[in-house]
Amino acid sequence: MIWFLLLFSLTLGAVSPSDERVVKLQRGNCPMFWYSFNGRCYKYVSTRLTWADAALQCLSQRASLVSIHSLEEQNFVKSLIKNFDHGEGPTWIGLNDRVDDKWMWSDGAPLNFTLWYAEQPKPAGGYCAQINYGDDLKWKHQPCGYSYAYVCASRIDCPL
Ligand SMILES: *[C@@H]1O[C@H](CO)[C@@H](O)[C@H](O)[C@H]1NC(C)=O
């Protein structure tokens, strides 16, 4: 298994030798199809759903839409998406302003890191955030009814 992961990592690295930010994907202690980063498990799902349906799908797997708390985590999530979607298309993350006119993560984690493509949008209700917008693959608010791929993440202690 370790050899398989190593080969897999090498293959990943070879996909884009020019992109130094590519992070090696490792399953670690995560279940099949989930990948480990800093003690949490993450899964990319290519099925396009509205933000609310994507959030429900994550919940049904005892996880949430991903929350992102650092540039390292941002780069990990980007690499995870790129591994399955070379086009790096728009993908839902857990940030939304659906409640109380505030940007919030659906897993309840504090909003202590943001990477909007422009200024942080004023909460207007009914917006959700995608990753992979523009050349820098940053975050952009979109109507929550749009259908995108999505990334789920487990809670810290990985209870899957
Ligand atoms: C932001 O919040 C997350 C989740 O609680 C935590 O793990 C992380 O250390 C925090 N980061 C900063 C920079 O405070």
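Conventions we followed
- Residues numbered from 1 in each chain as written.
- Predicted model: local features only at pLDDT ≥ 70, side-chain atom pairs only at ≥ 80, totals over all residues.
- Heavy atoms only, no water.
- Helix = DSSP H or I, 4+ residues; strand = E, 2+ residues; numbered from the N terminus.
- Buried < 20%, exposed > 50% of the residue type's maximum accessible area, 1.4 Å probe, protein only.
- Contact = heavy atoms within 4.5 Å.
- Areas by Shrake-Rupley, 256 points an atom, 1.4 Å probe, with all protein chains shown as cover.
- Core = buried A, V, L, I, M, F, W, Y, C linked by side-chain atoms within 4.5 Å.
- Near = heavy atom within 4 Å.
- Polar contact = N/O pair within 3.5 Å; in protein donor to acceptor, adjacent residues only side chain to side chain.
- Phe/Tyr/Trp six-rings, centres within 6.5 Å; stacked < 30°, edge-to-face > 60°.
- Lys NZ or Arg CZ within 6 Å of the ring centre and 35° of its normal.
- Salt bridge = Lys/Arg side-chain N within 4 Å of Asp/Glu carboxyl O.

1. Digging into the overall build of the protein
Okay, step 1: What the protein contains, in helices and strands, is 3 helices and 8 strands.
Okay, step 2: By the burial criterion, 44% of the 160 residues in the protein qualify as buried.
Okay, step 3: Residue pairs at least 24 apart in sequence account for 68% of intrachain contacts in the protein once pairs closer than 6 positions are excluded.
Okay, step 4: Per element, the accessible surface of the protein, about 8,700 Å² overall, is 54% carbon and sulfur.

2. With respect to the nonpolar core
Okay, step 1: In this structure, Ile68, Val77, Ile93 and Trp139 are the most contacted members of the largest nonpolar core, which totals 24 residues.
Okay, step 2: Contributing elements (two or more residues each) for this core: strand E1 (35-37), strand E2 (40-49), helix H3 (71-84), strand E4 (91-96), strand E6 (127-133) and strand E8 (148-153).
Okay, step 3: For this core, the leading source of residues is H3, giving 4 residues.
Okay, step 4: Judged by nonpolar contacts, the second largest core, of 16 residues, contains Cys30, Ala55, Cys58 and Trp92.

3. Here's the deal with the site of the ligand
Okay, step 1: Every residue close to the ligand is listed here: His69, Pro110 and Asn112.
Okay, step 2: One of the side-chain nitrogen or oxygen atoms of asparagine 112 is found 2.4 Å away from an oxygen atom of the ligand.
Okay, step 3: Coverage of the ligand by the protein amounts to 39% of the 360 Å² it exposes when considered alone.

4. Here we look at the packing of aromatic side chains
Okay, step 1: Taken as a whole and assessed by the stated rule, the structure comprises 12 aromatic pairs.
Okay, step 2: Aromatic pair tyrosine 35 and phenylalanine 84: ring centres 6.1 Å apart, planes at 55 degrees, arrangement tilted. Remark: phenylalanine 84 occurs in helix H3 and tyrosine 35 occurs in strand E1; sequence separation between them is 49 residues.
Okay, step 3: Aromatic side chains phenylalanine 37 and phenylalanine 76 sit 4.7 Å apart centroid to centroid with 15 degrees between the ring planes, which places their arrangement in the stacked category. Taken as a pair, phenylalanine 37 in strand E1 and phenylalanine 76 in helix H3 lie far apart in primary sequence, 39 residues in all.
Okay, step 4: The exposure class assigned to phenylalanine 37 is buried, which follows from its relative accessible area of 15%.
Okay, step 5: By relative accessible area, which is 1% here, phenylalanine 76 ends up buried.
Okay, step 6: Counting every residue linked through ring pairs, the aromatic cluster contains Trp103, Trp105, Phe113, Trp116 and Trp139.
Okay, step 7: Sitting over the face of the ring of tyrosine 133, lysine 140 holds its NZ or CZ atom 5.6 Å from the ring centroid.

5. Quick look at the pattern of salt bridges
Okay, step 1: What the rule picks out here adds up to 2 salt bridges.
Okay, step 2: Across the pair arginine 40 and glutamate 73 runs a salt bridge whose closest N-O atoms are separated by 2.9 Å. Of this pair, arginine 40 sits in strand E2 while glutamate 73 sits in helix H3, placing them 33 residues apart in sequence. Residues arginine 40 and glutamate 73 agree in their burial class; the two are buried.
Okay, step 3: Across the pair arginine 40 and aspartate 107 runs a salt bridge whose closest N-O atoms are separated by 3.3 Å.

6. A closer look at unusual backbone geometry
Okay, step 1: Positive phi values are uncommon outside glycine, yet asparagine 38 reaches one of about 45 degrees.
Okay, step 2: Within the secondary structure, asparagine 38 is located in the loop between E1 and E2.
Okay, step 3: Exposure remark for asparagine 38: the relative accessible area of 67% places this residue in the exposed category.
Okay, step 4: Its identity as a non-glycine residue notwithstanding, glutamate 88 has a phi of 50 degrees, on the positive side.

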